[in-house]
Amino acid sequence: MDEFIGNQKAIHIFENLSLYFHGLGDPIRQQIIALLIDKESMNVTEITELIPMSRPNVSHHLKVLRQAGLLKVQKKGTQMFYSLEFDEAIALMKQLVHFVEEECQC
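Okay, so let's go over this structure. Treat the numbers as computed from the prediction; the structure is a model and nothing was measured. (Residues numbered from 1 in each chain as written. Predicted model: local features only at pLDDT ≥ 70, side-chain atom pairs only at ≥ 80, totals over all residues. Heavy atoms only, no water.)

**Considering the overall build of the chain**
Then comes step 1: Along the chain, the regular secondary structure elements total 5 helices and 3 strands.
Then comes step 2: Beginning at the N terminus, the succession of helices and strands in the chain can be written as α-α-β-α-α-β-β-α.
Then comes step 3: Compactness check: the chain gives a C-alpha radius of gyration of 17 Å against a globular reference of 13 Å for 106 residues, more than 25% above the reference.
Then comes step 4: With respect to the principal axes defined by its C-alpha atoms, the chain has extents near 55 × 25 × 20 Å.
Then comes step 5: For the chain, buried positions account for 31% of its 106 residues.
Then comes step 6: For the chain, restricting intrachain contacts to residue pairs at least 6 apart in sequence, the fraction spanning at least 24 positions comes to 55%.
Then comes step 7: In the structure as shown, the chain presents an accessible area of about 7,100 Å², 54% of it carried by carbon and sulfur atoms.
Then comes step 8: Mean positive and mean negative side-chain charge positions of the chain (10 and 14 charges, respectively) differ by 14 Å. (Helix = DSSP H or I, 4+ residues; strand = E, 2+ residues; numbered from the N terminus. Rg over C-alpha atoms; globule rule 2.2 N^0.38 Å. Buried < 20%, exposed > 50% of the residue type's maximum accessible area, 1.4 Å probe, protein only. Contact = heavy atoms within 4.5 Å. Areas by Shrake-Rupley, 256 points an atom, 1.4 Å probe, with all protein chains shown as cover. Lys, Arg positive; Asp, Glu negative; His and termini not counted. Charge placed at Lys NZ, Arg CZ, Asp CG, Glu CD.)

Shown next, in the form of structure tokens:
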């Protein structure tokens, strides 16, 4: 593949992944993701009990993860429950890995 075209494809993949990388780039958000891997869903109170941080700070991190497309929210009564939404991020990461494996002369 032409080097310029290959680089453009890599740049395009990275651009599509940038929001996910931003969402995953903070240790607190990584802890939240790790908690949700083991649970179907959790509300902010449950998460705050396990993360040594104030509720407003946890809510901020949940908002960043939602905006990054890594969490989905479901309202049950007055509570908001958060669960992982990784399908698109995983597909894009697989695309990046596949591209690098095909193109890299390592």
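On we go from here.
**Looking at helix α2 (residues 27-38)**
Then comes step 1: If you check α2, its first and last C-alpha atoms are 17 Å apart, about what 12 residues at 1.5 Å a residue would give, namely 16 Å.
Then comes step 2: In this structure Asp26 caps α2, since a side-chain oxygen of it lies 2.8 Å from the backbone nitrogen of Ile28. (Expected span 1.5 Å × (residues − 1). Polar contact = N/O pair within 3.5 Å; in protein donor to acceptor, adjacent residues only side chain to side chain.)

**So, the pairing of strand β3 (residues 79-84)**
Then comes step 1: Looking at chain direction, strand β1 (residues 42-43) and β3 are connected through 2 bridges and run antiparallel. Its bridge partner lying in β3, Met42 is registered against Tyr82.
Then comes step 2: Looking at chain direction, strand β2 (residues 71-76) and β3 are connected through 6 bridges and run antiparallel. In the strand pairing of β3, Val73 is matched with Tyr82.
Then comes step 3: Where β2 hands over to β3, the hairpin turn is made up of 2 residues, of which Gly77 adopts a positive phi near 65°. (Pairing = 2+ DSSP bridges.)

**A short note on the packing of aromatic side chains**
Then comes step 1: For the coordinates displayed, the defined rule picks out 0 aromatic pairs.
Then comes step 2: Its guanidinium or amino end placed over the ring of Phe81, Lys76 lies 4.9 Å from that ring's centre, counting from NZ or CZ. (Phe/Tyr/Trp six-rings, centres within 6.5 Å; stacked < 30°, edge-to-face > 60°. Lys NZ or Arg CZ within 6 Å of the ring centre and 35° of its normal.)

**Topic: the packing of α2 against helix α4 (residues 55-67)**
Then comes step 1: One can describe the packing of α2 onto α4 by two numbers: an axis separation of 10 Å at closest approach and a directional angle of 80°. Taken together, the axes of α2 and α4 are roughly perpendicular relative to one another. Listed contacts from α4 to Ile28, Arg29, Ile32 and Ile33 of α2 are Val58, His61, Leu62, Val64 and Leu65. (Axes fitted to C-alpha atoms, helices over the stretch in contact; angles between N-to-C directions. Parallel < 35°, antiparallel > 145°, perpendicular 65-115°, else oblique.)

**As for the environment of Ser41**
Then comes step 1: Within the fold, Ser41 resides in the loop between α2 and β1.
Then comes step 2: Using a relative accessible area of 22% as the deciding quantity, one classes Ser41 as partly exposed.
Then comes step 3: Along the chain, Ser41 and Gln74 lie 33 residues apart, while their C-alpha atoms are 8.9 Å from each other.
Then comes step 4: If we ignore the near neighbours within four places in the chain, the residues touching Ser41 are Leu36, Glu46, Lys76, Phe81, Tyr82 and Ser83.

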